[in-house]
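Read off the chains here:
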Amino acid sequence: MTISPQERLADVAAAAVEVAAESAAAGTYTKGVGRALSAVVAKVGARITVDAELRGFSSGWQEAVAALTAEPPAPAAHAPVFRMPARPAARTPGRPLP
């Protein structure tokens, strides 16, 4: 079972909140602890985003290559063909319109 990027980030944020709560309960929570925990969540979030983008690019690239190398679909049998009316001759410069 794979964990989605959102679930990974939610787990990291929950762990940071848990550490902050334990730090506060112990009386050791400071601005520095808050900044450090925020930095951890931001760094992990950035890595998760880059990983997700690379995975998306890679799978999209694989789909594109597969589409290019796939056998073209067989033409439909007895498909109707409609003839287009002939296009009128192009106007010659200097020649009056009919």
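Residue positions within a chain follow its written sequence, with the count starting from 1. For this predicted model, a pLDDT threshold of at least 70 governs which residues receive local features, and a threshold of 80 or more governs which side-chain atom pairs are given and counted, while totals over whole chains, interfaces and linings are taken from all residues. Heavy atoms from the whole structure form the basis of all side-chain values; hydrogens and water molecules are not counted.

Draft legend 1. Structural context of the overall build of the protein chain. Helix and strand assignments follow DSSP, with helices taken as H or I runs no shorter than four residues and strands as E runs no shorter than two, numbered in order from the N terminus. If you tally the helices and strands in the protein chain, you get two helices and zero strands. A burial count over the protein chain gives 7% of its 98 residues as buried. Areas reported as accessible are Shrake-Rupley estimates using a 1.4 Å probe. Residue values count occlusion only from the protein chains shown. Counting only carbon and sulfur atoms, one obtains 65% of the accessible surface of the protein chain, whose full area is about 8800 Å². Partly exposed describes any residue whose relative accessible area lies between the buried limit of under 20% and the exposed limit of over 50%, with all areas from a 1.4 Å probe on protein chains only and scaled to the type maximum.

Draft legend 2. Summary view of the packing of helix α1 (residues 5-26) against helix α2 (residues 31-69). For every element, the axis is a line fit to its C-alpha atoms; helices are fit only across the contacting stretch, and the angle between N-to-C directions ranges from 0 to 180 degrees. Direction vectors running N to C along α1 and α2 enclose 170°, while the axes themselves pass 10 Å from each other. Classed by the angle they form, the pair α1 and α2 counts as roughly antiparallel. Here P5, R8, L9, V12, A13, A16, V19, A20 and S23 of α1 lie close against α2, whose contacting residues are V33, L37, V41, V44, G45, I48, D51, A52 and R55. Residues of the contact of α1 with α2, tallied by class, amount to 13 nonpolar, two polar and three charged. Orientation categories follow fixed angle ranges, with anything under 35 degrees roughly parallel, anything over 145 roughly antiparallel, 65 to 115 roughly perpendicular, and all other angles oblique. By definition in these notes, contact holds between two residues if any of their heavy atoms fall within 4.5 Å. Residues were grouped as follows: Ala, Val, Leu, Ile, Met, Phe, Trp, Tyr, Cys and Pro as nonpolar; Asp, Glu, Lys and Arg as charged; and all remaining residues, including Gly, as polar.

Draft legend 3. Focus on the environment of R47. On the secondary structure map, R47 appears in helix α2. Along the primary structure R47 and P5 are separated by 42 residues, whereas in three dimensions their C-alpha atoms are 9.8 Å apart.

Draft legend 4. Looking closely at a nonpolar patch on the surface. A residue counts toward a patch only above 30% relative accessible area and without a salt bridge, and it is joined to like-charged neighbours within 9 Å or, for Val, Leu, Ile, Met, Phe, Trp and Tyr, to nonpolar neighbours within 5 Å. A pair is scored as a salt bridge if a Lys or Arg side-chain nitrogen falls within 4 Å of a carboxyl oxygen belonging to Asp or Glu. Judged by side-chain polarity, F57, W61 and V65 come together as a nonpolar surface patch covering roughly 360 Å² of accessible area. Locating V65 in the fold gives a position in helix α2. For V65, a relative accessible area of 38% corresponds to the partly exposed category.

Draft legend 5. Summary view of α1. In a helix, the anticipated span is given by 1.5 Å times the number of residues less one. For α1, which comprises 22 residues, the first-to-last C-alpha distance of 32 Å matches the rise-based estimate of 32 Å (1.5 Å per residue) to within 8%. Along α1, the residues that are buried comprise A16, A20 and S23. Along α1, the residues classed as buried sweep out an arc of 65° about the axis, all on the same side. Among the exposed residues of α1, those oriented more than 90 degrees off its buried face are V17, A25 and A26. The secondary structure elements touched by the buried residues of α1 are α2. Two residues or fewer after α1 comes G27, characterised by a positive phi angle close to 80°. Note: the arc covers the axis-to-C-beta directions of the helix.

Draft legend 6. Just the side chain of S23, in detail. If you trace the backbone, S23 turns up in helix α1. Pairs of N or O atoms within 3.5 Å make up the polar contacts considered here, provided that, within protein, one atom can donate a hydrogen while the other can accept it, and that residues adjacent in sequence are counted only when both atoms are side-chain atoms. For S23, the side chain forms a polar contact with the main-chain nitrogen of Y29, separated by 3.1 Å. Once residues lying within four places of it in the same chain are set aside, the contact partners of S23 are T28, Y29 and V33.

Draft legend 7. Structural context of α2. Its 39 residues give α2 an end-to-end C-alpha distance of 57 Å, which sits within 8% of 57 Å, the value for a rise of 1.5 Å per residue. Buried residues of α2: G34, L37, G45 and I48, and no others. The elements touched by buried residues of α2 are α1.

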